[in-house]
Amino acid sequence: MERNNKYEKILIIIIVLILIVTTVLIILVVSGRLTLNINSPNTTTSNTIDNTNNQSNINDPYAKYPDMKWSTNIKYDENWCKVLIDVNLDLTMQLFDWNTETNNYDIPGAITVKKLPNNEKVKYFECVPSPQAPVMEYIIVLTTNNNLYYVGVDGSNKIFKLNSNNKAIELTRNIDTSPQIQYTRNDVYVLLDNGSLVKVNDLYNSDTKEITAELGLTYEERNSHKTTLVVGPYEYGYYITNENYIKNEDLTRSYILDENNSKFVLQYYFQYYSYGDCYFVSKTNKLYKLDSSINNKIELVNSKIISSIGLNGTTINIKYVDNTTATYELISTSSYQDKINLYENEAYDFSNKSDREIYAGKYLFKQF
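Residues numbered from 1 in each chain as written. Predicted model: local features only at pLDDT ≥ 70, side-chain atom pairs only at ≥ 80, totals over all residues. Heavy atoms only, no water.

Now, about the overall build of the protein chain: what can you tell me, with residues and values included?
A count of helices and strands for the protein chain gives 4 helices and 25 strands. The proportion of buried residues among the 368 residues of the protein chain is 37%. Relative to all contacts within the protein chain whose residues are 6 or more apart in sequence, the contacts with residues 24 or more apart total 40%. When the accessible area of the protein chain is evaluated, it comes to approximately 22400 Å², of which 50% is carbon and sulfur surface. (Helix = DSSP H or I, 4+ residues; strand = E, 2+ residues; numbered from the N terminus. Buried < 20%, exposed > 50% of the residue type's maximum accessible area, 1.4 Å probe, protein only. Contact = heavy atoms within 4.5 Å. Areas by Shrake-Rupley, 256 points an atom, 1.4 Å probe, with all protein chains shown as cover.)

Give a description of the environment of Arg-185 that names residues and reports values.
Residue placement: Arg-185 occurs in the loop between strand E9 (168–173) and strand E10 (188–192). Once the C-alpha coordinates of Arg-185 and Ile-211 are considered, the two residues, 26 residues apart in sequence, prove to be 9.8 Å apart. Beyond its immediate sequence surroundings of up to four residues, Arg-185 is in contact with Val-128, Pro-129, Pro-131, Glu-137, Asp-202, Tyr-204 and Ile-211.

Any details on the sheet that holds E10? Residues and values, ideally.
The 4 strands lie next to each other as E9-E10-E11-E12, forming an open sheet whose pairing is antiparallel. Single-partner strands in this sheet number two, and they are E9 and strand E12 (210–218). Taking each pair of neighbouring strands and ignoring which way they run, the sheet shows an average axis angle of 35°. Relative to E12, strand E11 (residues 197–205) runs antiparallel, the two sharing 7 bridges. Within the sheet, the bridge partner assigned to Asp-202 lies in E12 and is Ala-213. (Pairing = 2+ DSSP bridges. Axes fitted to C-alpha atoms, helices over the stretch in contact; angles between N-to-C directions.)

I'd love a proper account of the side chain of Thr-241, names of residues and values included.
Tracing the backbone through its elements, the reader meets Thr-241 in the loop between strand E14 (236–240) and strand E15 (246–248). Owing to a relative accessible area of 8%, Thr-241 belongs among the buried residues under this scheme. Side chain to side chain, Thr-241 and Glu-243 meet in a polar contact 3.0 Å long. Sequence-distant contacts of Thr-241, that is, excluding residues within four places in its chain, are made with His-225, Lys-226 and Lys-247. (Polar contact = N/O pair within 3.5 Å; in protein donor to acceptor, adjacent residues only side chain to side chain.)

Describe helix H4 (residues 353–364), listing the residues and the values that go with them.
Every buried residue belonging to H4 is among Asp-355, Arg-356, Tyr-359, Ala-360 and Leu-364, and all of these are buried. The arc that holds every buried residue of H4, seen down its axis, measures 135°, which confines them to one face. Each element contacted by the buried residues of H4 is listed here: strand E16 (266–271), strand E20 (306–312), strand E23 (339–343), strand E24 (346–349) and strand E25 (365–367). At the N-terminal boundary of H4, the capping side chain belongs to Asn-352, with an oxygen 2.8 Å from the backbone nitrogen of Ser-354. (Arc of directions from axis to C-beta.)

Can you explain the pairing of strand E2 (residues 81–85)? Please cite residues and give values.
Here E2 shows one buried face, formed by Cys-81, Val-83 and Ile-85, and one open face, formed by Lys-82 and Leu-84. Remark: 2 residues form the turn of the hairpin made by strand E1 (residues 75–78) and E2, two consecutive strands paired antiparallel. In the sheet, E2 pairs with strand E3 (residues 91–99) via 5 bridges, with the strands oriented antiparallel. Paired with Leu-84 across the strands is Thr-92, a residue of E3. The hairpin formed by E2 and E3 contains 5 residues between the paired strands, and Leu-89 there has a positive phi angle of roughly 60°.

Explain the pairing of strand E18 (residues 287–291) residue by residue, including any values.
In this structure, strand E17 (residues 278–282) lies alongside E18, joined through 4 bridges in antiparallel fashion. Bridging from a neighbouring strand, Cys-278 pairs with Leu-290 of E18. Hairpin connection of E17 to E18: 4 residues between the antiparallel strands, including Asn-285 at a positive phi of 65°. Bridging between E18 and strand E19 (residues 297–300) involves 4 bridges; their strand directions are antiparallel. Across the sheet, residue Tyr-288 finds its bridge partner in E19, namely Leu-300.

Got a sec to walk through the packing of aromatic side chains? Specific residues and values, please.
For the structure on display, the rule yields 20 aromatic pairs. Between Lys-263 and the ring centre of Tyr-245, over which it is positioned, the NZ or CZ distance is 5.2 Å. (Phe/Tyr/Trp six-rings, centres within 6.5 Å; stacked < 30°, edge-to-face > 60°. Lys NZ or Arg CZ within 6 Å of the ring centre and 35° of its normal.)

Describe the pattern of salt bridges, and please don't skip the residues or the numbers.
Counting across every chain of the model gives 11 salt bridges. As a salt-bridge pair, Glu-210 and Lys-158 come within 2.9 Å of each other at their nearest N and O atoms. In this pair, Glu-210 is assigned in strand E12 and Lys-158 in the loop between strand E7 (148–152) and strand E8 (159–161), connecting sequence segments 52 residues apart. Lys-158 gets classed as partly exposed once you look at its relative accessible area, which sits at 31%. (Salt bridge = Lys/Arg side-chain N within 4 Å of Asp/Glu carboxyl O.)

Go over the sheet that holds E16 with me, naming the residues and quoting the values.
Ordered in space as E19-E18-E17-E16-E25, the 5 strands form an open sheet in which the pairing is antiparallel. If you trace the sheet from one side to the other, it starts and ends with E19 and E25, each paired once. Adjacent strand axes in the sheet meet at a mean angle of 25°, parallel and antiparallel pairs treated alike.

The analysis is restricted to geometry; functional conclusions fall outside its scope.
Quick look at the structure:
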């Protein structure tokens, strides 16, 4: 009996100790002084490591373009021009003249070495030849120091750096996904170390007859529009965004603003065939005329509100809420002799009424 009492006392002491230890553990966990790891022995978690990984992804300039094919050109070899990186990592080029006897570009010119400022060395390059003739306009060079240079070729010794605050780390080209109105001799983009993929824009000075270049819009800015509008006989154009805003086709892609300096929201457009006069109807059903010769301004035609607008043949019919009307003939009789070959399989003879109406419906009037 006395032995049983001894065991009971020991059991009570053990239970009390367990309760005390459990209570202390609970207090430590609640107070935050103790963290329990419930992962398997082979699994570890660390908020510090996770944050570091997230930060490295944010700072990864390649993150947005995992499938992009980057340029690795070290040689350009056409029958009229050869460019390569020599053993000193300088740019060496040679032009060839036309030989009337052999009907080939096989008269070699002098070999020219294009040395970069500060003795920077060439990593890769992209040549920009003229689209009309066998003439090299200029070369875009990526250096081992992560700088981007314009190198003049055709009688030009002009060499200057294009990037300033950010390092240039890759080149690529021919990646635009949306139609571009503005003419450019090149399709070169550069990836900067801040993650921006930026277009190399052509700049032509009509006074000096020189072609230069500068870094312009990002890939996203150039390819985010929904469609384009070509205005007038000289193919001056505008970009229509997914929200139906109108952007100018210049290097900055600035917005067209209404009389209240708000972004203009386009609902319809129509234009004359011969003169290029263009009209926009806003989302608020007001009629505006575009003057592309004065900073791309739009002017309110009148204060009336349009109740309906439509194309009948080649004529725009507008009805206002006050029951007044207006008409605009998009193809004048003086244009009836015109014949247009737009593409290989698309031609229009304006002496034919059907052709005029098809052309007007396809190119001179549109709803957004």
